[in-house]
Amino acid sequence: MNNTVKKPGMFATMFSGIKTQDKVNFARNLAVGIKSGMSIIDVLKMLIKQSSKEFSVVIQRLIDDVSNGQLLAQAMGRYNYIFGDFFISIVKVGESSGNLSNSLIYLAQELKKQKDLKGKVKSALVYPAILMCATVGIIVFLTLFVFPKILPIFQGMGTELPFTTRSILWFMTFLKSYWMYAIAGIAGLFVGYKAIVRVHSVRFKMDHLALKMPYISKITRQLALANLTRSLNILLKSGMTITDALVIARDTFNNYYYREQIDKMNEHVKRGGSLSRFLDSRPDLFPPMFTGMIQVGETTGNLQENLLYLSEYYESEVDEMLKNMTAVIEPVMLLFMGVAVGYIALSIITPIYKVTQGIS
């Protein structure tokens with residue numbers, strides 16, 4: 001049997017069908033099975049029946065590799081694009097320490113928290129997205145269905161059309177003549193954006209810019225700190241050293257600028273410096289309260305407990321900020337919707353008013 005797995009490209013990875021919840025269930029059920037005394041292979045065989053079609057293929061290949069003498073973490077390494085460094089490292093530490101079941105439970109909890117946090121961010125954007133779709137739908141309906149039926153009346157009466165009406169007429173003509181090019185252009189922009197953000201230097205500058213923009217910078221910073229503290233807490237709890245934990249935690253960041261800072265932080269710690277001293281040198285990225293809690297944790301030996309407290313604190317801060325963001329975006333979107341629909345309505349009503357004035 002050929003077990004060679006070709007790493008998929010960008011689109012294959014995006015649409016692999018293996019969701020975060022699948023990995024949460026996998027880690028939790030594997031932990032429960034191992035804790036009950038079952039062998040890893042027996043648990044994996046049981047999990048095949050509980051998993052999606054795509055994930056069951058991966059689990060079957062894990063069974064094949066483990067049956068051939070590989071460790072589970074080693075077998076997962078071939079599917080790094082599915083599990084990620086964080087997942088595989090926790091499994092590796094668990095196997096090395098002989099405490100795999102507990103490591104998997106910690107892992108399942110962490111993955112669920114990451115999933116919940118991403119879900120909250122997406123939920124905060126749902127209502128603005130609905131308003132935007134409604135606005136576009138109304139504009140398209142008025143422009144393509146209502147406006148064409150009224151326009152011949154104005155043209156037949158020789159009424160001079162106002163600027164608003166002429167601009168809508170130009171837009172309709174453009175869409176009728178070049179709609180295929182417009183769709184192709186939008187698709188090209190989407191694909192081009194996806195390709196360009198994969199360039200490290202471009203992504204780095206974009207993420208750095210996000211940390212300078214009002215309000216967005218605060219959300220980005222709170223998300224990064226919540227992510228860092230959660231990851232370090234679970235990695236240290238699994239038995240990793242602080243330097244190894246920083247290497248793995250770095251790859252869980254979506255922000256490339258923060259990734260670079262974690263690399264510098266790790267080099268600083270390797271040279272014998274304290275974590276808190278490096279944090280203190282970057283107050284723009286790591287607030288004094290954050291640095292102070294880390295310093296107390298290092299001094300008292302309670303770093304894990306303080307990391308847990310900080311992760312819960314910043315998660316609550318993110319929740320509050322997302323609620324406030326929704327409250328701010330809602331009136332802005334309603335205003336945009338009113339202006340857009342009002343512009344279309346004005347382009348229809350103004351000629352009608354001119355016609356009635358002429359008849360009078």
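An account of the accompanying structure is given in this report.

1. A short note on the overall build of the protein chain
Looking only at helices and strands, the protein chain has 15 helices and zero strands in total. Its C-alpha atoms give the protein chain a radius of gyration of 28 Å, more than 25% over the compact-globule value 21 Å for 360 residues. If one aligns the C-alpha atoms of the protein chain with their principal axes, the spans along those axes are about 90 × 55 × 35 Å. Residues counted as buried form 38% of the 360 residues belonging to the protein chain. The long-range fraction of contacts in the protein chain, counting pairs at least 24 apart against all pairs at least 6 apart in sequence, stands at 64%. Surface summary for the protein chain: the accessible area is close to 20,100 Å², and the carbon and sulfur share equals 62%. Positive and negative charge centroids in the protein chain, built from 39 and 26 side chains respectively, lie 7 Å apart.

2. What about the environment of leucine 169?
For leucine 169, the location among the structural elements is in helix α8 (residues 163-196). We classify leucine 169 as partly exposed; its relative accessible area is 24%. For the pair leucine 169 and glutamine 109, spaced 60 residues apart in sequence, the C-alpha separation works out to 56 Å.

3. Focus: helix α14 (residues 288-300)
The α-helix advances 3.6 residues per turn, and as a result positions three or four apart in sequence lie on the same side. Between the first and last C-alpha of α14 there are 18 Å, a value that for 13 residues agrees with the 18 Å anticipated at 1.5 Å per step. All of the buried residues in α14 are Phe290, Thr291, Ile294 and Gly297. Viewed along the axis of α14, the buried residues span an arc of 125°, placing them on a single side of the element. What points out from α14, more than 90 degrees from its buried face, is the exposed set Pro288 and Thr299. In the stretch just after α14, glycine 301 is the one whose phi turns positive, near 80°.

4. Some thoughts on the pattern of salt bridges
One pass over the structure, following the stated rule, counts seven salt bridges. The closest approach of N and O atoms between aspartate 263 and arginine 250, which form a salt bridge, is 2.9 Å. Separated by 13 residues along the polypeptide, aspartate 263 in helix α12 (residues 256-270) and arginine 250 in helix α11 (residues 242-250) bring together distant segments of the chain. Of the charged contacts in the structure, one is a salt bridge between lysine 264 and glutamate 260, with a shortest N-O distance of 3.7 Å. Of the two residues, lysine 264 and glutamate 260 both sit in helix α12, four residues apart, roughly one turn of that helix.

5. With respect to the packing of helix α2 (residues 20-35) against helix α4 (residues 53-67)
Two numbers describe a pair of packed helices, the interaxial angle and the distance between the axes. One way to put it is that α2 packs onto α4 with a least axis distance of 12 Å and a crossing angle of 40°. Judged by the twist between their axes, the crossing of α2 over α4 is right-handed. Contact residues: α2 offers Asp22, Lys23 and Phe26, while α4 offers Phe55, Ile59 and Leu62. Class assignment for the residues of the contact of α2 with α4 results in four nonpolar, no polar and two charged.

6. Describing a nonpolar patch on the surface
A contiguous nonpolar surface patch, about 960 Å² in accessible area, is contributed by Trp170, Phe171, Phe174, Tyr178, Trp179, Met180, Tyr181 and Ile183. Inspection of the secondary structure assignment puts tryptophan 179 in helix α8.

7. Comments concerning the nonpolar core
Formed by 66 residues in total, the largest nonpolar core has its most connected members in Phe26, Phe83 and Phe286. Counting eight residues, the second largest nonpolar core, distinct from the first, contains Leu142, Phe147, Leu151 and Ile168.

8. Here's the deal with the side chain of asparagine 227
With respect to the secondary-structure elements, asparagine 227 resides in helix α10 (residues 216-237). Residue asparagine 227 is classed as buried on the basis of its relative accessible area, which comes to 10%. Residue contacts for asparagine 227: discarding those within four places in its chain leaves Gln114, Thr252 and Phe253.

Cut-offs and rules
- Starting afresh in each chain, residues are numbered from 1 along the sequence in its written order.
- Totals for whole chains, interfaces and linings use all residues, but because this is a predicted model, local features are given only for residues with pLDDT of at least 70 and pairs of side-chain atoms are given and counted only at 80 or more.
- As a rule here, side-chain values cover all heavy atoms of the structure and leave hydrogens and water aside.
- Each helix is a run of DSSP H or I of at least 4 residues and each strand a run of E of at least 2, with the numbering of both proceeding from the N terminus.
- With the radius of gyration taken over C-alpha atoms, the globule rule is written as 2.2 Å times the number of residues to the power 0.38.
- For every residue, the accessible area (1.4 Å probe, protein chains only) is compared with the maximum for its type, and the residue is labelled buried under 20%, exposed over 50%, or partly exposed between those bounds.
- By definition in these notes, contact holds between two residues if any of their heavy atoms fall within 4.5 Å.
- All accessible-area figures derive from a Shrake-Rupley calculation using a 1.4 Å probe, and residue coverage is judged against the displayed protein chains alone.
- Counted as positive: Lys and Arg. Counted as negative: Asp and Glu. His and the chain ends are not counted at all.
- Charge positions are represented by NZ for Lys, CZ for Arg, CG for Asp and CD for Glu.
- A helix is expected to span 1.5 Å for every residue after the first.
- Arc, as used here, means the arc of the directions from the helix axis to the C-beta atoms.
- We define a salt bridge as a side-chain nitrogen of Lys or Arg found within 4 Å of a carboxyl oxygen belonging to Asp or Glu.
- Axis angles are defined between N-to-C directions and span 0 to 180 degrees, where every axis is a line fitted to C-alpha atoms and, for a helix, only to the segment in contact.
- Here a crossing is taken to be left-handed if its near helix is turned anticlockwise relative to the far helix by less than a right angle, and right-handed if that turn runs clockwise.
- Any residue outside Ala, Val, Leu, Ile, Met, Phe, Trp, Tyr, Cys, Pro, Asp, Glu, Lys and Arg is labelled polar, Gly included; the first ten of those are nonpolar and the last four are charged.
- The patch calculation keeps residues exceeding 30% relative accessible area without a salt bridge and links them within 9 Å when they carry like charges or within 5 Å when they are nonpolar (Val, Leu, Ile, Met, Phe, Trp, Tyr).
- To define a nonpolar core, start from buried Ala, Val, Leu, Ile, Met, Phe, Trp, Tyr and Cys residues and group those joined through side-chain atoms within 4.5 Å.

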